[in-house]
Amino acid sequence: MNKVMSLHDAVAKYVENGDCLALGGFTTNRKPYAAVSEILRQGQGDFVAFAGPGGGDIDMLIGEGRVKAYINCYTANSGYTNVSRRFRAFIEQGKLTYEDYSQDVLMLMLHAASLGLPFLPVKLMQGSSLMTEWGISPEKRQTMDKVPDLKCVEIDNPFQAGDKVVAVPVPRIDTAIIHVQKASPDGTCIIEGDEFHDIDIAVAARKVIVTCEDIVSDEWIRRDPTLTRIFGECVSAVVRAPYGAWPAQCYNYYDDDDKGLKEYDKASKYQDAEDAKAQLAKAAAKAQKAADAKPGDEKLAAAAAKAAKAAEDAANGTAIPETFKDFLAKYVYNCADHDALLDVLGGARLMNLKNEPHLGYSTRH
């Protein structure tokens, strides 16, 4: 069965408003950025998102207000941003309903979803504040479709008297989106390197979109079944999307884009121009307060002057730093599709990211 589709058609058909959504990959590894960008272009949202270690992909959805509830362990562009900035800002501003689990428990929850379990008993988190501190109250949970009614509950171990275990909910995933190295038209996938939680969400989800670097024939992929990781019956759509994980890396194909991830790190500090002006004014006031507290400190005085100049330039429109909205305009909304993004990035930049076979990584990125 041929499941090959364009990215536009796959997202239009299989990503629906209000979906319980799970994204594959790990922070800056094999993240499905191309598919996320297409979701942003098409406008779907109101998602309940479950993620293992998330990255800039989910941060972009959060920053655009497409996620109504997020269940996660941590979200970061590892090595660039320790805590994703829109994710953090939206929580601090009360704009994101968020629940926090430990990474081991979250990954086991996704595995339990692939097994069809009603709930999962664990010992992990026991005795920690993750048991008692709930980001989403039981009352609010009752009002939110597809959010579990409880974060966790301690129950008796039926096989050992006096022993307690922690029961955690199992997500019911509507749509999973995964980026892989190779896929065949029938949906069979090869994942090279770490698999993370991708196989679990592929098995668990009702609908699965796979983007891939290369489409290979059904006959070719069957030559060595030991290499395949996701079987075709799980997959709804196969989309060829070279560099579909950009600016993240894709093992054996290309490294992460140092330039792109640094640009997102800086831009995502500010939601938009007004937010940049407000934050720079606040930073200038803070720097001036520090300088006033130590009048003889030349470094503090210089820092205060620099901060004041940045705030003034932003306020009068002379120099407003790039913002989250600017980044998305450049790399998402002003690009008609993923091919248009590749044209914006340019062949030389993309080729510099390519892994060198004798090393397994790029020396030029």
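Notes on the structure follow. Please read these numbers as outputs of a predicted model, since none were measured by experiment. (Residues numbered from 1 in each chain as written. Predicted model: local features only at pLDDT ≥ 70, side-chain atom pairs only at ≥ 80, totals over all residues. Heavy atoms only, no water.)

Some remarks on the pattern of salt bridges
Once their charged atoms are close, side chains differing in charge can pair, the charge on each being opposite to the other.
Stage number 1. Tallied over the full model, the rule gives 25 salt bridges.
Stage number 2. Among the ionic pairs, Lys 207 bridges to Asp 19, the shortest N-O distance being 3.0 Å. Placement of the pair is Lys 207 in strand E10 (residues 207–215) and Asp 19 in the loop between helix H1 (7–14) and strand E1 (20–23), with a sequence separation of 188 residues.
Stage number 3. Assessed through its relative accessible area of 7%, Lys 207 is described here as buried. (Salt bridge = Lys/Arg side-chain N within 4 Å of Asp/Glu carboxyl O. Helix = DSSP H or I, 4+ residues; strand = E, 2+ residues; numbered from the N terminus. Buried < 20%, exposed > 50% of the residue type's maximum accessible area, 1.4 Å probe, protein only.)

Structural notes on helix H3 (residues 56–63)
Stage number 1. Of all eight residues that make up H3, eight are buried, and the element is covered over most of its length.
Stage number 2. Within the sequence span of H3, burial applies to Gly 56, Asp 57, Ile 58, Asp 59, Met 60, Leu 61, Ile 62 and Gly 63.
Stage number 3. Just downstream of H3, Gly 65 is the residue with a positive phi angle, here 70°.

Re the packing of helix H11 (residues 273–293) against helix H12 (residues 298–315)
Stage number 1. It is at 8 Å that the axes of H11 and H12 come closest, and there the two elements cross at 160°. The pairing of H11 with H12 is recorded here as roughly antiparallel in orientation. When you trace H11 past H12, the crossing you get is left-handed. Listed contacts from H12 to Lys 277, Leu 280, Ala 281, Ala 283, Ala 284, Ala 287, Gln 288, Ala 290 and Ala 291 of H11 are Leu 300, Ala 301, Ala 303, Ala 304, Ala 307, Ala 308, Ala 310, Ala 311, Ala 314 and Ala 315.
Stage number 2. Residue composition of the contact of H11 with H12, grouped by class: 17 nonpolar, one polar and one charged. (Axes fitted to C-alpha atoms, helices over the stretch in contact; angles between N-to-C directions. Parallel < 35°, antiparallel > 145°, perpendicular 65-115°, else oblique. Left-handed = near helix turned anticlockwise from the far one by under 90°. Contact = heavy atoms within 4.5 Å. Nonpolar A, V, L, I, M, F, W, Y, C, P; charged D, E, K, R; others polar.)

A closer look at the sheet that holds strand E6 (residues 153–156)
Stage number 1. Taken in spatial order, the three strands of this open sheet run E5-E7-E6, and their pairing is antiparallel. This sheet does not close on itself; its edge strands, each paired only once, are strand E5 (119–122) and E6. When the angles between neighbouring strand axes are averaged without regard to direction, this sheet yields 40°.
Stage number 2. Across four bridges, E6 lies against strand E7 (residues 164–169) in antiparallel orientation. Bridge pairing links Glu 154 to Val 166 in E7.
Stage number 3. Its contacts with the sheet place helix H5 (residues 103–115) against E5 and E7, and it is angled at close to 140° to E5. (Pairing = 2+ DSSP bridges.)

So, the packing of helix H2 (residues 33–42) against helix H13 (residues 324–333)
Stage number 1. Look at H2 against H13: their axes get within 10 Å of each other, and the N-to-C directions meet at 100°. The angle between H2 and H13 places the two elements in the roughly perpendicular class. Every residue of H13 that contacts H2 at Ser 37, Leu 40 and Arg 41 is listed here: Leu 328, Tyr 331, Val 332 and Tyr 333.
Stage number 2. Tallied by class, residues from the contact of H2 with H13 come to five nonpolar, one polar and one charged.

Some remarks on the nonpolar core
Stage number 1. Of all hydrophobic cores here, the largest spans 51 residues; its most connected members are Met 60, Leu 61 and Tyr 70.
Stage number 2. The greatest single-element share of this core, amounting to six residues, is contributed by H2.
Stage number 3. Each residue touching Leu 61, except ones within four places of it in the same chain, is listed here: Leu 21, Leu 23, Val 36, Ile 39, Leu 40, Arg 66 and Val 67.
Stage number 4. Core analysis: the second largest hydrophobic core is formed by 43 residues, Val 105, Ala 113, Ile 178 and Ala 183 among them. (Core = buried A, V, L, I, M, F, W, Y, C linked by side-chain atoms within 4.5 Å.)

Points about H2
Stage number 1. Most of H2 is tucked away, with eight of its 10 residues classed as buried.
Stage number 2. Buried within H2 are the following residues: Tyr 33, Ala 34, Ala 35, Val 36, Ser 37, Glu 38, Ile 39 and Leu 40.
Stage number 3. Directly after H2, the chain includes Gly 43, whose backbone phi takes a positive value near 100°.

Some words on the packing of aromatic side chains
Stage number 1. One pass over the structure, following the stated rule, counts 10 aromatic pairs.
Stage number 2. Here Tyr 70 and Phe 87 contribute two aromatic rings whose centre-to-centre distance is 5.8 Å and whose plane-to-plane angle is 90°, an arrangement assigned as edge-to-face. Of this pair, Tyr 70 sits in strand E3 (residues 67–72) while Phe 87 is found in helix H4 (residues 85–92), placing the two residues 17 residues apart along the sequence.
Stage number 3. Residue classification places Tyr 70 among the buried residues on the basis of a relative accessible area of 0%.
Stage number 4. For Phe 87, a relative accessible area of 7% puts it in the buried group. (Phe/Tyr/Trp six-rings, centres within 6.5 Å; stacked < 30°, edge-to-face > 60°.)

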